[in-house]
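Read off the chains here:
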Amino acid sequence: MRHTIVTLGTALLAHSARASLGGPLQFSEEGTFQISIFEDLHFGENAWESWGPAQDAKSITVLNKVLDAESRPDLVVLNGDLITGENTFLENSTSYVDQIVAPFVARGLPWASTYGNHDGQYNLSSTALLARENKYPGSLTQSMVPGREAGVTNYYLPVYGSGTRRPWSAPKLILWFFDSRGGSYFQERDDEGNEVPRPNWVDYSVVRWFRRTNNYLTGRYRKTIPSLVFVHIPTNASRAAQTVDGINEYREPGINDDYALAQQGEGWCEDGTNDNAQCPYGGQDEPLMEALVEIPGILGVFSGHDHGDTWCYKWDTQIEGMNIKGNGVNLCFGQHSGYGGYGNWIRGARQVLVEEKALKRGELDTWIRLESGDVVGSVSLNATYGEELYPATPNDKTYL
Ligand SMILES: *[C@@H]1O[C@H](CO)[C@@H](O)[C@H](O)[C@H]1NC(C)=O
Ligand SMILES: *[C@@H]1O[C@H](CO)[C@@H](O)[C@H](O)[C@H]1NC(C)=O
Ligand SMILES: *[C@@H]1O[C@H](CO)[C@@H](O)[C@H](O)[C@H]1NC(C)=O
Ligand SMILES: *[C@@H]1O[C@H](CO)[C@@H](O)[C@H](O)[C@H]1NC(C)=O
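A short tour of the structure in this document, coming up. Just so we're clear, the structure is a prediction, and the values are computed from it rather than from any experiment.

1. So, the overall build of the chain
Argument step 1. For the chain, the count of helices and strands is eight helices and 15 strands.
Argument step 2. Rg of the C-alpha trace for the chain: 20 Å, near the compact-globule value of 21 Å for 400 residues, within the 12% margin.
Argument step 3. Summarising its shape, the C-alpha atoms of the chain cover approximately 60 × 50 × 40 Å along the three principal directions.
Argument step 4. Counting all 400 residues of the chain, 57% fall into the buried class.
Argument step 5. Surface accessibility of the chain: about 16600 Å² in total, with carbon and sulfur atoms responsible for 51%.

2. A look at the sheet that holds strand β10 (residues 298–303)
Argument step 1. Strand order in the open sheet made by the seven strands is β1-β5-β6-β9-β10-β12-β11, with mixed pairing throughout. Single-partner strands in this sheet number two, and they are β1 (25–26) and β11 (312–315).
Argument step 2. Bridging between strand β6 (residues 173–178) and strand β9 (residues 227–231) involves five bridges; their strand directions are parallel. By the bridge assignment, Trp176 is partnered in β9 with Val229.
Argument step 3. Here helix α7 (residues 286–294) sits on the sheet and contacts β6, β9, β10 and β11; the angle it forms with β10, its principal contact strand, is near 145°.

3. Things to note about the packing of aromatic side chains
Argument step 1. Under the definition given, this model contains 18 aromatic pairs.
Argument step 2. With centroids separated by 6.5 Å and ring planes inclined at 40°, the aromatic side chains of Tyr156 and Trp209 adopt a geometry described as tilted. A residue pair is termed long-range when its members are at least 10 positions apart, and Tyr156 in strand β5 (residues 155–160) and Trp209 in helix α5 (residues 204–221) qualify at 53 residues. Per residue, the accessibility class of Tyr156 equals that of Trp209, and both read buried.
Argument step 3. Ring geometry for Trp201 and Trp268: centres 5.4 Å apart, planes at 90°, overall edge-to-face. Pair noted here: Trp201 is in the loop between β8 (195–197) and α5 and Trp268 is in the loop between α6 (236–245) and α7, with a separation of 67 residues, a long-range link. You'll find Trp201 and Trp268 in the same group, each marked buried.
Argument step 4. Here a set of aromatic residues connected by ring pairs shows up, and it is made of Tyr156, Trp176, Phe178, Trp209 and Phe210.

4. Things to note about unusual backbone geometry
Argument step 1. Residues Tyr259 and Ala260 are joined by a peptide bond in cis, for which omega reads -10°.
Argument step 2. The topology assignment puts Ala260 in the loop between α6 and α7.
Argument step 3. One non-glycine residue, Gln187, lies in the positive phi region at around 55°.

5. Structural notes on the site of ligand 3
Argument step 1. As a structural note, the neighbourhood of ligand 3 is formed by Asn236, Ala240, Thr243, Val244, Tyr281, Glu286, Met289, Gly321 and Met322.
Argument step 2. Asn236 places a side-chain nitrogen or oxygen 2.4 Å from an oxygen atom of ligand 3.
Argument step 3. A distance of 2.6 Å separates an oxygen atom of ligand 3 from a polar atom in the backbone of Gly321.
Argument step 4. Of all elements in the fold, only α6 and α7 reach the threshold of two or more residues within the shell around ligand 3.
Argument step 5. In terms of residues, the shell around ligand 3 owes the most to one element, α6, which gives four residues.

6. Describing α6
Argument step 1. Within the span of α6, buried status applies to Asn236, Ala237, Ser238, Ala240, Ala241 and Gln242.
Argument step 2. Following α6 by one or two positions, Gly246 has its phi on the positive side, about 95°.

7. Let's talk about α5
Turn by turn, an α-helix covers 3.6 residues, leaving residues three or four places apart pointing in a common direction.
Argument step 1. The end-to-end C-alpha distance of α5 is 26 Å, a good match for the 26 Å that 18 residues give at a rise of 1.5 Å each.
Argument step 2. If you check which residues of α5 are buried, you get Val206, Val207, Trp209, Phe210, Thr213, Asn214, Leu217 and Tyr221. For α5, the arc enclosing every buried residue in end-on projection is 155°, short of the 170-degree limit, so these residues lie on one face. Projecting away from the buried face of α5 at angles above 90 degrees are the exposed residues Arg208, Arg212 and Asn215.
Argument step 3. Lining the buried residues of α5 we find β5, β6, α7 and β10.
Argument step 4. Looking one or two residues beyond α5, the residue adopting positive phi is Arg222, at roughly 55°.

8. Quick look at the sheet that holds strand β15 (residues 375–381)
Argument step 1. Spatial ordering of the open sheet is given by β4-β3-β2-β13-β14-β15, a layout of six strands whose pairing is mixed. Each of the sheet's edge strands pairs with one partner strand only, and the pair in question is β4 (111–114) and β15. Taking the axes of each pair of neighbouring strands and ignoring which way they run, one obtains an average angle of 20° across the sheet.
Argument step 2. As paired elements, strand β13 (residues 348–355) and strand β14 (residues 364–370) share six bridges and run antiparallel to each other. Opposite Arg350, over in β14, you have Ile368 as the bridge partner.

9. Some details on the nonpolar core
Argument step 1. Core analysis: the biggest nonpolar cluster contains 39 residues, and Trp176, Phe178, Phe210 and Trp315 have the highest contact counts within it.
Argument step 2. If you list the elements that add at least two residues to this core, you get β6, α5, β9, α6, α7, β10, β11 and β12 (329–333).
Argument step 3. In terms of residues, this core owes the most to one element, α5, which gives six residues.
Argument step 4. With residues near it in sequence (within four places) discarded, Trp315 still touches Ala237, Met289, Val293, Met322, Ile324, Lys325, Gly326, Asn327, Gly328, Val329 and Leu331.
Argument step 5. Residues Ile37, Cys312, Leu364 and Tyr390 belong to the second largest nonpolar core, which totals 29 residues.

10. Comments concerning the pattern of salt bridges
Argument step 1. Overall, the coordinates contain 10 salt bridges when judged by the stated rule.
Argument step 2. Between Arg181 and Glu149 there is a salt bridge whose closest N-O contact spans 3.7 Å. Here Glu149 lies in the loop between α4 (126–133) and β5 and Arg181 lies in the loop between β6 and β7 (184–189), a separation of 32 residues in the sequence.
Argument step 3. For Arg181, a relative accessible area of 1% gives the class buried.
Argument step 4. We note a salt bridge from Glu363 to Arg361, for which the minimum N-O separation is 3.3 Å.
Argument step 5. When salt bridges that share partners are traced, they join Arg148, Glu149, Arg181, Glu188 and Asp203 into one network.

Calculation criteria
Residues numbered from 1 in each chain as written. Chains lettered and ligands numbered in written order. Predicted model: local features only at pLDDT ≥ 70, side-chain atom pairs only at ≥ 80, totals over all residues. Heavy atoms only, no water. Helix = DSSP H or I, 4+ residues; strand = E, 2+ residues; numbered from the N terminus. Rg over C-alpha atoms; globule rule 2.2 N^0.38 Å. Buried < 20%, exposed > 50% of the residue type's maximum accessible area, 1.4 Å probe, protein only. Areas by Shrake-Rupley, 256 points an atom, 1.4 Å probe, with all protein chains shown as cover. Pairing = 2+ DSSP bridges. Contact = heavy atoms within 4.5 Å. Axes fitted to C-alpha atoms, helices over the stretch in contact; angles between N-to-C directions. Phe/Tyr/Trp six-rings, centres within 6.5 Å; stacked < 30°, edge-to-face > 60°. Near = heavy atom within 4 Å. Polar contact = N/O pair within 3.5 Å; in protein donor to acceptor, adjacent residues only side chain to side chain. Expected span 1.5 Å × (residues − 1). Arc of directions from axis to C-beta. Core = buried A, V, L, I, M, F, W, Y, C linked by side-chain atoms within 4.5 Å. Salt bridge = Lys/Arg side-chain N within 4 Å of Asp/Glu carboxyl O.

See below:
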């Protein structure tokens, strides 16, 4: 007992200046919390020729340039496809983690990951990836939902207010992380010797856990805590926004080249069989979309996967053809951050700035920091986002 009290006291001291590495996240003394989202880094391509390692070196340069330009984010999010697992080798697939996180370790920054469809492959175990990440005190990535079907990176992180006395006070913000899976099961083959595809949506067991855990948090703290969601593959709502409602380059600034975008449930039939040729979309992300509009306080859902889409869209209507009505939640893509993976759109990383004061009005600020140092797509995700006009984002490409 005494030991527990001493440990707690020491922990509180360590947190009083700035959240210590691996400890609970906290708003700064100025009441701000900034997140740098890197997505689709795709490390580990073509290790057998000079091209692959050269891409990885360039991706590391992107990480360093963005982190130098943004004075000091409070958290880095790796929003899926850290590694191109189809190209890596069984014996060292997860070792790419060491290269990816080196810039965060050097700066003493904590990070939290979601895994993407390339992070779970025949030669790359996403469970082993988590173990490799968790060797570092700065890794906040967890796995809170058990079971083969759940995937790995399903968890939440509380963010406490500046100057609050954890662990008694309510968090000011909750960050949810979901695993949209995809790719293949690790070292599994079917009777014909083929790799076994993993479904590419957030599993229903995870959606049930999300609702249950949200109920628990709401009950425990007797209030709705605002939250953000990170998931690699976007839902059908993003696709409907793009193809039915349409993305306006001034109202929803961003690159919109991946048209129609790839979504959860793509290439799967409604009965759960994998058939890319016959089934464009099986609708399995409906339970997640329902949870996203029914759970109050979700301010934004951040995805990657579609390297050529970088906009945010406020889902506040019933888009024609859909039976789920948006409640104003902002659906955002980030920016392709890696030199691995398809496309030559200029690399960068979405930044999200949460201010304690603005949180009360349900507002977030966000922009994309490019590897060139420029900022594009700086918008306020407030009540009228989608109505104001902003400068259009130039569709720049880089060929280094
Ligand atoms: C993994 O192993 C391959 C094959 O031996 C090698 O080419 C590659 O450089 C290794 N990657 C890392 C990150 O060690
Ligand atoms: C998996 O790793 C093994 C051993 O390094 C390698 O021979 C094989 O080519 C890799 N890729 C796949 C898809 O099996
Ligand atoms: C997905 O979006 C399309 C419009 O792009 C819509 O017709 C369809 O009903 C939606 N499906 C679900 C399950 O939301
Ligand atoms: C939302 O932000 C924009 C840009 O800063 C601003 O022009 C607009 O008035 C804001 N809307 C509200 C409701 O505050």
